[in-house]
Amino acid sequence: MKFTIADDDIEKCKTFAEESVGTNANKYAYRGQSNSTKIKSDITVGKLGEIAAYNFLSPKYPNLSGPDFQIYQKKDKSWSPDLLDPVANIKVGVKSQDIKSSNAYGMSWVFQYNFGKNFDCDKEVFGEEKEPNHLICFVSVNLPKKEGEIKGLVQVPWLHENQMFKPMKKANLVGNKVAVYMEDLEKHENIWQF
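Presented here is a report on the structure given in the accompanying data block.

Bringing the environment of Gln193 into the picture now. Positionally, Gln193 belongs in the segment after α6 (182-185). For Gln193, the side chain forms a polar contact with the main-chain nitrogen of Gln155, separated by 2.8 Å. Polar contacts involving the side chain of Gln193 include one to the main-chain carbonyl oxygen of Asn190, which spans 2.8 Å.

Following this line, the structure appears as C-alpha cells:
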C-alpha cells in the first residue's frame, strides 16, 4: 500500500526527533550507534512509519491508538507496541526503513535482539510469549520523494515459525540486532495477516 507523506507530518516527526534524541543518545550508544544525525533520521523515519501504519489500519480498527509523540526520559522508555486497539485486542509494532538504508543493505527491518546479554532485547518479540494478536507492520520510507509503502503486516509467531530473523549485513550490529529481509517475506503468499 503506497502512501504520500504530508509536509506537516515531516515537520512534526523531525521536531519530535530533535526533542527526543537527547533522551535516546545513551541508549543508542549502548546499542553500538552514536551518530546523532543518523539517530534523528531513524526517529523521524520511525514516526513517519507509525503515522502511515495508523492511517492504513485505523479504518479497520477504529479504536486503534495513534502514534505517541510524548518525549520520555530514558528510565520511562518501554518496548510496548507502537499502536494498540484494546477492543479488537491487537497490538502493532511498526518497523520502518529509509531508502538510503534500503539501497545500502537491501530492503529490511531491524529488531533489537541480544537475549541474555548486556544489550536491550525486544521481549515483546523475542520473549517467551509470542502472541498471534501482536502484529509487525513493515514500512518503507522515501523521505526525499515524500512517499512510502507498507510492504506487509504479519503476526510475530509467524515470523518465528518461518525463521524470518536473520543476521544483520552491517558488521558492527551483528549479534546485537537481527533483521527481516523483504526478499524472504516475498517468498510467502500471506504477508497481510489482519
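Structure's up, so let's keep going.
Time to look at the sheet that holds strand β7 (residues 166-167). Judged by pairing direction, the sheet is antiparallel, and its three strands sit side by side in the order β4-β8-β7 without closing on themselves. Taken across any chain shown, the strands that pair with only one partner, and hence form the sheet edges, are β4 (108-112) and β7. By the bridge criterion, five bridges tie β4 to strand β8 (residues 177-181) in an arrangement that is antiparallel. Of the residues in β8, the one forming a bridge with Val110 is Ala179.

Next up on the list: the layout of surface pockets. Considered as a void within the structure, the second largest pocket measures approximately 170 Å³ in volume. In this structure, the second largest pocket is lined by Lys2, Phe3, Ile99, Met107, Ser140, Asn142, Glu147, Gly148, Glu149 and Lys151. Where the lining of the second largest pocket is concerned, the elements lending two or more residues are β1 (2-4), β5 (134-142) and β6 (147-155). For the lining of the second largest pocket, the leading source of residues is β6, giving four residues.

Let us look at the sheet that holds strand β3 (residues 90-98). Spatial strand order, β1-β6-β5-β3-β2: five strands in an open sheet with mixed pairing. Pairing within the sheet leaves two strands with one partner each, and these edge strands are β1 and β2 (83-85). Looking at each pair of strands side by side, their axes are set apart by 25 degrees on average, direction ignored. Inspection of the sheet shows β3 paired to β5 by eight bridges, in the parallel sense. For Lys91, the partnering residue across the bridge sits in β5 and is His134. Most of the contacts of helix α2 (residues 36-57) go to β3, to which it runs at about 135 degrees, and overall it touches β1, β2, β3, β5 and β6.

Conventions adopted
Residues numbered from 1 in each chain as written. Predicted model: local features only at pLDDT ≥ 70, side-chain atom pairs only at ≥ 80, totals over all residues. Heavy atoms only, no water. Helix = DSSP H or I, 4+ residues; strand = E, 2+ residues; numbered from the N terminus. Polar contact = N/O pair within 3.5 Å; in protein donor to acceptor, adjacent residues only side chain to side chain. Pairing = 2+ DSSP bridges. 1 Å grid on protein atoms, 1.4 Å probe; cavity = no way out; pocket = protein on both sides within 12 Å on 5 of 7 lines; lining within 4 Å. Points joined across faces, edges and corners; volume = space filled by probe spheres on them. Axes fitted to C-alpha atoms, helices over the stretch in contact; angles between N-to-C directions. Contact = heavy atoms within 4.5 Å.

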